[in-house]
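Chain and residue survey
Listed here are the chains, written in short residue letters.
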Amino acid sequence: PDQRLLDAQLRTCRRLFWHAPAGYRLMVACGDVLLRSDAAPPVFPEADILVAGIHATPEEASHHGVMFCHADNGGRMQCFLQKPSPARIRELSADHACLLDTGVWLFSARALALLLQRCGWDERHPDAPLQPYELFDRFGPSLGVAPSGNDPEVNALTAAVLPLPAGRFYHFGTNRSMLGSVAQLSAPDETRHSYGHTPGDWQRPLSPLNSRVETHGAAQPDIWIESSRIPAAWRLTRRHMLTGIPDNGWNLDLPPGACLDCVPVQGETKRLCLRAYGFDDAFKGRLDDPATIWQGKPFNQWLADRGLTFEAARLDPAGDIQHAALMPLAAPDDSATGPLLRWMLSPERTDDRVAAQAWLDAPRLSAADLLQRADVRRRQAIRQELLRASFGALSSDEWAALATRIDLEALAQAIQADALPPPPDLPAEQVNLAAVHHAMLTARIGGGRDTAAEQLRNLMVGRLALAAVQPQRSVLEDQIVWGRSPVRLDLAGGWTDTPPYCLEHGGRVVNLAVDLNGQPPIQAFARVCQEPHIVLHSIDLGLSERVSTYDELRQPARLGDGFAIARAALRLAGFDPRFHEGTAPSTLARLLERNFGGGIELNMLAAIPKGSGLGTSSILAATLLGTLGDLCGLHWTNDDIFLRTLVLEQILGSGGGWQDQAGGVIGGLKLIESAPGLTQRPVVRWLPPQGIAEAIREQRILLYYTGLTRVAHNILGEIVRGIFLNDAARIATVDAIGYAADFAADAIQRQSWDGLCEAVRRSWQLNQALDSGTNPPPVQDILARVANWVAAAKLLGAGGGGYLLILARDQQAGAHIRHALSENPPNARGRFVNLSISETGLQVTRS
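For every chain, the first residue of its written sequence is number 1, and the numbers climb from 1 along that sequence. Two thresholds apply to this predicted model, a pLDDT of at least 70 for residue-level local features and 80 or more for giving and counting side-chain atom pairs, whereas whole-chain, interface and lining totals are computed over all residues. No hydrogens and no water enter the side-chain calculation; it runs on all heavy atoms of the structure.

Concerning the overall build of the chain
Along the backbone of the chain there are 29 helices and 33 strands. Taking the principal axes of its C-alpha atoms as reference, the chain extends roughly 110 × 65 × 50 Å. Burial here depends on accessible area, computed with a 1.4 Å probe over protein chains only, as a share of the maximum for the residue type. Under 20% is buried, over 50% is exposed, and the range in between is partly exposed. When the 847 residues of the chain are sorted by exposure, 56% land in the buried category. Contact definition: two residues touch when any of their heavy atoms are within 4.5 Å. Expressed as a percentage of contacts within the chain between residues at least 6 apart in sequence, the contacts between residues at least 24 apart total 68%. Accessibility throughout is a Shrake-Rupley quantity obtained with a 1.4 Å probe, and a residue counts as covered only by protein chains that appear here. Approximately 36,000 Å² of the chain is accessible, and the part contributed by carbon and sulfur atoms is 51%. Between the averaged position of the 79 positive side-chain charges in the chain and that of its 91 negative side-chain charges there is a distance of 2 Å. Only DSSP runs of H or I reaching four residues or more are called helices, and only runs of E reaching two or more are called strands; each is numbered from the N terminus. The sign given to each residue is positive for Lys and Arg and negative for Asp and Glu; His and the chain ends receive no count. Every charge is mapped to an atom, namely NZ of Lys, CZ of Arg, CG of Asp or CD of Glu.

This is the structure in structure tokens:
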């Protein structure tokens, strides 16, 4: 609700730092640039200096630093040029890759030490004064194989470029570029592009931010109004930047290009600094230089138009305009302030001697002074007051449009601190994702019952609109229907498939279907029995249950309930009147007698421990549905089973995603993607399994049961709560998890072992960023024992326990890992499990 540019900048910077090797110790990033990269970065090259770069046209690149690399040297920088001409860029691009410097630099310890040395820092004299050092103009040109700068010690550093193929670069260093960048950032995703340096980018009107605007024509592409009060008496034209304007009666008629910033100053309780300037002013150059512009004209011309001299204004003609005291202090309610501003902003000659004398007599500050004197706390208080008023004026419709996009966790904290008022209520009849988010916010700030998950469940089940079915016996009395499924190993992308994230952003997951110890570990057996009831057996739990009525079938899941999934699967197979086609008999027994001539006996086996991280519950649900579909002659396809498994999980309230059932029902190695929307219909793209199959045979890919378990439901609930609240940090992490899935799919397509290891490493790192409990001390201990031989590892599923996927550095390292953990297991249950790729997925056959 109170976002700043820095908040957006940190998202990409943090994500790059997550993935950077540990040898990079420092990141430096430009404050007037926003870098977005909607993709995973490539594997990071190892160098002393690594600079993130994006491709750009020669014209665009000529405004910035430019790096040149040979295409075949692994990203090593050939040279760095600061603002080269477009012609020079084209010349070098003939045999080099050309990338624009995004201003994001990573330093090794060696490079950092040299940078500090160049600034005059000496660890023996830590209090000695430091010297300014220009990173881009001095350090950059001396980097590379063939540097243009001559600094032997910097020349000796290795330098490389990290290309960001999907990177977009938004510049905020000038008014023009800022307006273009904001216009691009507010455009639909599919139409965005980089930069915003040309007037052609000003196509979208910009709404005033945290402001009360009464005059007409404020929402224009080239007018920026923020934290201001603009009365009806003002007349706006074009190219205005208006910030911090207080309540006033100034009656200003702003000429094109006139800008005004009213800045609170430390030690002043009533007066503000009137920072008037021109839209394209650069604030650099000698005051007497005709090229030095203020308010759109040479500064000496501005003085002459007002009948003033440098001497009268107490200004040094040779001084730089950045250090010239030009901005007067004035009280907003002083009757002289309006005439003073009209005099300062007038594009014509003016002989208002009263206003001129007021300017000469007023305390004045320079742009440089304001960097030191601005009262940032007071400015924030003004901004907060306006934000509070703006937020309090939201209508229900406006809030509904905002509720799915704003960081509700940050909003909840602001409401609880009384910094913002609660949003308006939504109509009770409103049933959509905005209402779900609103319900979660209401529970968060009020501590009442959380109905968000229930509302989402009802919304999804209603939207999925399952076709009712009528189960009919389709087997002989001595036949058994046998369903069995592999489990899934999630390599990357898990959590993007979980509602509500996938409903609003889509999901993508790379996973692998595997059999364990030569068998599909999830199995179900169904047959018809004589008595008109349903008998449930769990082989692995050693439990049995008899269901004779609809009410028993519909009973909610209980703690430790071993048959909740089976009962829900039976309901969806038509044994519940809600999902039964036509009029169901009055009792379950009559339905069974009429359609089956007896009852059903259903046996289940999950030959893996609970909390394994292999997607057991969802895959068991899909296996049961597939088995019942065959027993009952329902002719369900994999798509039907998948859809009903989604509904089953919503009925049970587990709130899980779709990757588990998709990973088990569909065999092989695949990238599974879904588009945003309440009806999730993932699309499967198979990936070449040869490289992974070979690594499994050579035991470079190992599956180890840690002997630890951690049920995903509690983890899921906490993380999903954060997603419901649009928690910016959680959303950014899940976004990065999705990019990691793309990275993994690309590495597998290229059959790159190093790329696959990097993908698994990133996936594990991001899971820990999402939930610190994912890597508990016992797991850290296991990994520490074999760290010298491990290329990458991750706990499967939600993490914290269960199965550990280990990628060894090579075949010999794999043997060392097996020996170390077999000879000295962490507990009595720890063990390796043989795995093999399942190409079949779910199989259903009859005896």
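Structure's up, so let's keep going.
Things to note about the packing of helix α26 (residues 728-749) against helix α27 (residues 753-770)
Axes here mean lines fitted to C-alpha atoms, for a helix over just the part in contact, with angles spanning 0 to 180 degrees between N-to-C directions. Taken N-terminus to C-terminus, the directions of α26 and α27 make an angle of 165°; their axes are 9 Å apart at the nearest point. When the axis of α26 is compared with that of α27, the two are roughly antiparallel. Of the two possible hands of crossing, α26 and α27 adopt the one that is left-handed. Seen from α26, the contacting residues are Arg-730, Thr-733, Val-734, Ala-736, Ile-737, Ala-740, Phe-743, Ala-744, Ala-747 and Ile-748; seen from α27, they are Gly-755, Leu-756, Glu-758, Ala-759, Arg-762, Leu-766, Asn-767, Ala-769 and Leu-770. Here roughly perpendicular refers to angles of 65 to 115 degrees, roughly parallel to angles under 35, roughly antiparallel to angles over 145, and oblique to all remaining angles. Note on convention: the crossing is left-handed when the near helix lies turned anticlockwise from the far helix by less than a right angle, right-handed when the turn is clockwise.

Structural notes on the nonpolar core
Nine residue types can take part in a nonpolar core, namely buried Ala, Val, Leu, Ile, Met, Phe, Trp, Tyr and Cys, and a core is a set of them joined through side-chain atoms within 4.5 Å. One finds Trp-399, Val-510, Leu-516, Phe-575, Leu-631 and Ile-692 to be the most contacted residues of the largest nonpolar core, which totals 129 residues. For Leu-516, the residues in contact, after removing those within four places along its chain, are Val-487, Pro-521, Ile-608, Leu-614, Leu-703, Tyr-803, Val-833, Asn-834 and Leu-835. Among the nonpolar cores identified, the runner-up in size contains 61 residues, and Ile-245, Leu-254, Leu-272 and Phe-279 belong to it.

Structural notes on the pattern of salt bridges
A side-chain nitrogen of Lys or Arg and a carboxyl oxygen of Asp or Glu constitute a salt bridge if their distance falls within 4 Å. In this structure the tally under the stated criterion is 42 salt bridges. Among the salt bridges present, the one from Arg-554 reaches Asp-551, with a minimum N-O distance of 3.3 Å. Of this pair, Arg-554 and Asp-551 both sit in helix α18 (residues 550-554), separated by three residues, roughly a single helical turn. For Arg-554, a relative accessible area of 36% translates into the label partly exposed. For Asp-551, a relative accessible area of 58% gives the class exposed. A salt bridge links Asp-746 to Arg-750; the shortest N-O distance between them is 2.9 Å. The class of Arg-750 is partly exposed, set by a relative accessible area of 48%. Through salt bridges with shared partners, a single ionic network connects Arg-212, Glu-214, Arg-229, Asp-247 and Glu-385.

Examining the packing of aromatic side chains
Aromatic pairing here means that ring centres of Phe, Tyr or Trp (its six-membered ring) are within 6.5 Å. Orientation follows from the plane angle: under 30 degrees is stacked, over 60 is edge-to-face, and everything else is tilted. In total, this model carries 19 aromatic pairs according to the counting rule given. A ring pair is formed by Tyr-705 and Tyr-803, whose centres lie 5.0 Å apart and whose planes are at 45°; its orientation type is tilted. One end of the pair, Tyr-705, is in strand β28 (residues 701-705); the other, Tyr-803, is in strand β30 (residues 803-808), and 98 residues separate them in sequence. Among the residues examined, Tyr-803 registers a relative accessible area of 2% and is labelled buried.

A word on the pairing of strand β4 (residues 65-69)
Burial of β4 is extensive: five of the five residues sit out of reach of the surface. Burial along β4 is two-sided: the face carrying Gly-65, Met-67 and Cys-69 and the face carrying Val-66 and Phe-68 are both buried. Between any two strands, at least two bridges found by DSSP are needed for them to pair. For β4 and strand β5 (residues 77-82), the ladder comprises five bridges, and the chain directions are antiparallel. Residue pairing in the sheet places Met-67 in a bridge with Phe-80 of β5. Bridge count for β4 against strand β6 (residues 97-108) is four bridges, and the pairing is antiparallel. Counted as the bridge partner of Phe-68 is Cys-98 from β6.

Overview of the sheet that holds strand β14 (residues 272-278)
Strands sit in the order β10-β12-β13-β14-β17-β18 across an open sheet of six strands; the sheet is mixed. Either end of the sheet is taken by a strand with one partner, and the two such strands are β10 (223-226) and β18 (364-365). Pairing between β14 and strand β17 (residues 327-330): two bridges, direction antiparallel. Bridge pairing in β17 links Cys-273 to Leu-329.

Observations concerning the sheet that holds strand β31 (residues 831-832)
Pairing is antiparallel across the open sheet formed by four strands, whose spatial order is β29-β30-β28-β31. Two strands close off the open sheet at either side, each with one partner strand: β29 (790-795) and β31. Pairing of β28 with β30 involves five bridges; the strand directions are antiparallel. Counted as the bridge partner of Tyr-704 is Leu-804 from β30.

Looking at a nonpolar patch on the surface
Excluding any residue in a salt bridge, patches collect residues exceeding 30% relative accessible area, merging like charges within 9 Å and nonpolar Val, Leu, Ile, Met, Phe, Trp and Tyr side chains within 5 Å. A cluster of nonpolar side chains, namely Leu-116, Trp-121 and Leu-130, defines an oily patch on the protein surface of about 270 Å² accessible area. The topology assignment puts Trp-121 in the loop between α4 (109-118) and α5 (135-139).

Comments concerning α27
Take the number of residues in a helix, subtract one, and multiply by 1.5 Å to get its expected span. For α27, spanning 18 residues, the distance from its first C-alpha to its last is 26 Å, which sits close to the expected 26 Å at 1.5 Å a residue. Within α27, 13 of the 18 residues are buried, which leaves it mostly tucked inside the rest of the structure. Residues adjacent in sequence count toward polar contacts only when both atoms are side-chain atoms; beyond that, a polar contact is any pair of N or O atoms within 3.5 Å, and within protein one must be able to donate a hydrogen and the other to accept it. N-cap assignment for α27: the residue whose side-chain oxygen lies 2.9 Å from the backbone N of Gly-755 is Ser-752.

As for unusual backbone geometry
Residue Pro-500 is bonded to the preceding Pro-499 through a cis peptide linkage, with omega at 5°. Relative to the helices and strands, Pro-500 is located in the loop between β20 (487-492) and α17 (501-505). For Arg-314, which is not glycine, the phi dihedral falls at a positive 55°. Considering the arrangement of structural elements, one finds Arg-314 in the loop between α8 (299-305) and β17. Overall, the relative accessible area of 57% leaves Arg-314 in the exposed class. At Asn-726, a residue that is not glycine, the phi angle is positive and equals roughly 55°. Topologically, Asn-726 is positioned in the loop between α25 (712-724) and α26.

Details of the side chain of Ser-37
Mapping Ser-37 onto the fold places it in strand β2 (residues 33-37). Sequence-distant contacts of Ser-37, defined by excluding residues within four places in its chain, comprise Thr-12, Arg-15, Leu-164, Ala-166, Gly-167 and Tyr-739.

A few points about helix α15 (residues 433-446)
The end-to-end C-alpha distance of α15, which contains 14 residues, comes to 20 Å, matching closely the 20 Å that a straight helix rising 1.5 Å per residue would cover. Of all 14 residues making up α15, eleven are buried, and the element is well covered by its neighbours. Where α15 begins, one side-chain oxygen reaches toward the backbone nitrogen of Ala-434, 3.2 Å away; that side chain belongs to Asn-432.

Some details on the side chain of Asp-305
Among the structural elements, Asp-305 can be located in helix α8. In terms of polar contacts, Asp-305 uses its side chain to reach the side chain of Gln-301, at 2.7 Å.

A short note on the environment of Pro-21
Note on placement: Pro-21 falls in the loop between α1 (5-19) and β1 (24-28). For the pair Pro-21 and Asp-151, spaced 130 residues apart in the sequence, the C-alpha separation amounts to 27 Å.

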